[in-house]
Amino acid sequence: MALEDVFKKLVAHCKEYGYVFPSSEIYDGLSAVYDYGQYGVELKNNIKKYWWDSMVLLNDNIVGLDSAIFMHPTIWKASGHVDAFNDPLIDNKDSKKRYRADVLIEEHIAKIEDKINKEVEKAKGRFGETFDEQKFRETNPRVVANQAKIDEINTRFSVAMNDTNLAGIKQIIVDNEIVCPVSGTRNWTDVRQFNLMFATEIGSTAEGASKVYLRPETAQGIFVNFLNVQKTGRMKLPFGIAQIGKAFRNEIVARQFIFRMREFEQMEMQFFVQPGTELEWFKKWKETRMNWHQALGFGSENYRFHDHVKLAHYANAATDIEFKFPFGFKEVEGIHSRTDYDLKQHQEYSGKKMQYFDPEKGESYVPFVIETSIGVDRMFLQVISAAYDEELLTKEDGSTDTRIVLRLPSFLAPVKLAVMPLVKKDGLPEIAEKIVHDLKFDFNCQYDDKDSIGRRYRRQDAIGTPYCITIDHQTIEDNTVTIRYRDSMQQERVRIDQLTVLIKEKVSLQSLLKKL
Ligand code: ATP
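Residues numbered from 1 in each chain as written. Predicted model: local features only at pLDDT ≥ 70, side-chain atom pairs only at ≥ 80, totals over all residues. Heavy atoms only, no water.

1. A closer look at the environment of D163
Inspection of the secondary structure assignment puts D163 in the loop between helix 7 (141-162) and helix 8 (166-175). For the pair D163 and G80, spaced 83 residues apart in the sequence, the C-alpha separation amounts to 15 Å. (Helix = DSSP H or I, 4+ residues; strand = E, 2+ residues; numbered from the N terminus.)

Structure (structure tokens):
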């Protein structure tokens, strides 16, 4: 099936099974804003818990914070967001579609990279064991020419972005003959800047309301509280502050479902270190964060780093962790070495010292910062797209059937187990209800007695429930039930009094955290 079709099905599935709804749907929706349904909110909470515990529970030098969405407007001056949080936008005059110029260029580079990779794969097949990839990349004329093209675009792109040279950015699009994916033409407008922050007013107009912004990232709330936390928590460098919260960006191009939203949630951790040690810590956090993703078991081949050539004004190293979504490899998380830029800026704009007194060195200084920043919603999309599976089953009579199953890691699944009486009589529903009543303190359980047992299993597969418990007539005789496993569809008989221990072990976050 074409990948776009998989993605369309995934979006439809999310809606049909109570994961994600378009916001304000009865009013025809609000662009790039979504609501999480009854299962979506559970999955989101589980993702947040996985992140939070991996930061705050596993590291005794990382603590949490919950700062407000509204902050003093000068903060956004200091952080650079008022003057520099702009995306370069460009319109195609034929399709009337709007694009981020930087994204058009990055996608063009990715296409050339794909060509190189295909060439390498072909050669690998031809030469077999003796293949020397590095040598091939350095000597094959087509690969060398394509790599030179990439390098040239990257250099021009980086200079143009750093100088905010909008005409220069457009020229890259023109020179590389980049076409609009919709109209296929090169009929572009000039590139313009667009600030992504939402502004509103605080206080009543009568008393002179002032302009405030909805925060476009949670990081600044951490920076401005750096000394509060350090002093009250008696924290010593290196230490980190973690925060989960909403962020808002007036994105120019908001397609691709919950990948790019105007209201979204971030999980950010700022790690404060001694100046000069930041690149070591940057490396360490790169590894730690990649392990966190890969521990979910979606296949290491579906992740890669994308190191930035074009560094933001505050960074001295930056990388993205990219995941292979149905629409290609895209960023889920950014890891940035932000130097002492933010704290120094706040020091300057607020007039308050943002320094740490180092008892070992006997001196004060502004720490350097490593940031790990991941979108909850993008992580949600990662999980759900990796988990969505259409499995072709062959029945006993030789006919086939498709089973839609969300292969969610058990810990993340919204419902851990469904309890089902085989029939709605003979006392079986009462036993099922008692099991739900006993287990609901430990797990999110669901009671289901509607339709045939086969249809009930399918319904649970579609929402990703890892275990189904069935109560039948044998249960009355020997207090055993069948447990059916979502992924293998295998069933086994277990005693009712074993259920808690058995399932607890399988769905616990602990076992996931221990892999880190
Ligand atoms: P992009 O290049 O995709 O716009 P970014 O580099 O601006 O992302 P950061 O500012 O580094 O993103 O934000 C950190 C993380 O926050 C991203 O890796 C992503 O997971 C998430 N994020 C950023 N913008 C959005 C958005 N509009 N919708 C959903 N998640 C977002």
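2. Some thoughts on the nonpolar core
Y19, Y50, W51, F380, L381 and I384 are the most contacted members of the largest nonpolar core, which has 60 residues in total. Examining the composition of this core, we find that 7 residues originate from one element, helix 13 (residues 376-387), more than from any other. Here this core gathers at least three residues from each of two domains, domain 1 (1-68 + 209-403) and domain 3 (410-513). In terms of nonpolar packing, the next biggest core, distinct from the first, is built from 25 residues, A123, F131, I150 and I169 among them. (Core = buried A, V, L, I, M, F, W, Y, C linked by side-chain atoms within 4.5 Å. Buried < 20%, exposed > 50% of the residue type's maximum accessible area, 1.4 Å probe, protein only. Domains from an automatic or database assignment.)

3. Points about the pattern of salt bridges
The tally for this structure, following the rule as stated, stands at 40 salt bridges. Across the pair D91 and R192 runs a salt bridge whose closest N-O atoms are separated by 2.5 Å. Remark: R192 occurs in strand 6 (residues 192-195) and D91 occurs in strand 4 (residues 86-91); sequence separation between them is 101 residues. A residue is classified by how much of its surface remains accessible, and D91, at 12% relative accessible area, is buried. The class for R192 is partly exposed, based on a relative accessible area of 40%. (Salt bridge = Lys/Arg side-chain N within 4 Å of Asp/Glu carboxyl O.)

4. Examining the pairing of strand 19 (residues 417-421)
Counting buried positions along strand 19 gives 5 out of 5 residues, so the element sits mostly inside the fold. Of the two faces of strand 19, the one holding L417, V419 and P421 and the one holding A418 and M420 are both buried throughout. Judged from the 3 bridges that link them, strand 19 and strand 20 (residues 445-447) form a sheet pairing that is parallel. Looking at the pairing, L417 lines up with C445 of strand 20. (Pairing = 2+ DSSP bridges.)

5. Re the site of the ligand
Taken together, 17 residues lie around the ligand, and E251, R260, M261, E331 and V332 are the ones closest in. E331 places a side-chain nitrogen or oxygen 2.6 Å from an oxygen atom of the ligand. Protein burial of the ligand: of its 590 Å² of free accessible surface, 86% is covered by the chains. When residues of the shell around the ligand are traced back to their parent elements, those giving at least two are strand 10 (263-273), strand 13 (328-339) and strand 16 (368-375). Sort the elements by how many residues they give to the shell around the ligand and strand 13 lands first, with 5 residues. Per-class residue counts for the shell around the ligand are 5 nonpolar, 5 polar and 7 charged. (Near = heavy atom within 4 Å. Polar contact = N/O pair within 3.5 Å; in protein donor to acceptor, adjacent residues only side chain to side chain. Areas by Shrake-Rupley, 256 points an atom, 1.4 Å probe, with all protein chains shown as cover. Nonpolar A, V, L, I, M, F, W, Y, C, P; charged D, E, K, R; others polar.)

6. Some thoughts on the domain arrangement of the chain
Each assigned domain of the chain is listed with its residue range as follows: domain 1 (1-68 + 209-403), domain 2 (86-195) and domain 3 (410-513). Inter-centroid distance (C-alpha atoms) of domain 2 to domain 3 is 51 Å.

7. Regarding the side chain of E371
Mapped onto the elements of the fold, E371 is located in strand 16. Overall, E371 belongs to the buried group, its relative accessible area being 2%. Within the structure, the side chain of E371 is placed 2.8 Å from the side chain of Q270, a separation counted as a polar contact. A distance of 2.7 Å separates the side chain of E371 from the side chain of R338, its partner in a polar contact. Aside from chain neighbours lying at most four places away, what touches E371 is A219, E268, M269, Q270, G334, I335, H336 and R338. (Contact = heavy atoms within 4.5 Å.)

8. Things to note about the packing of helix 2 (residues 38-57) against helix 11 (residues 278-294)
Look at helix 2 against helix 11: their axes get within 12 Å of each other, and the N-to-C directions meet at 145 degrees. Crossing handedness for the pair helix 2 and helix 11: right-handed. Residues I47, Y50, W51, S54 and M55 of helix 2 lie in contact with helix 11, whose contacting residues are W285, R289 and W292. Partitioned by chemical class, the residues of the contact of helix 2 with helix 11 number 6 nonpolar, 1 polar and 1 charged. (Axes fitted to C-alpha atoms, helices over the stretch in contact; angles between N-to-C directions. Left-handed = near helix turned anticlockwise from the far one by under 90°.)

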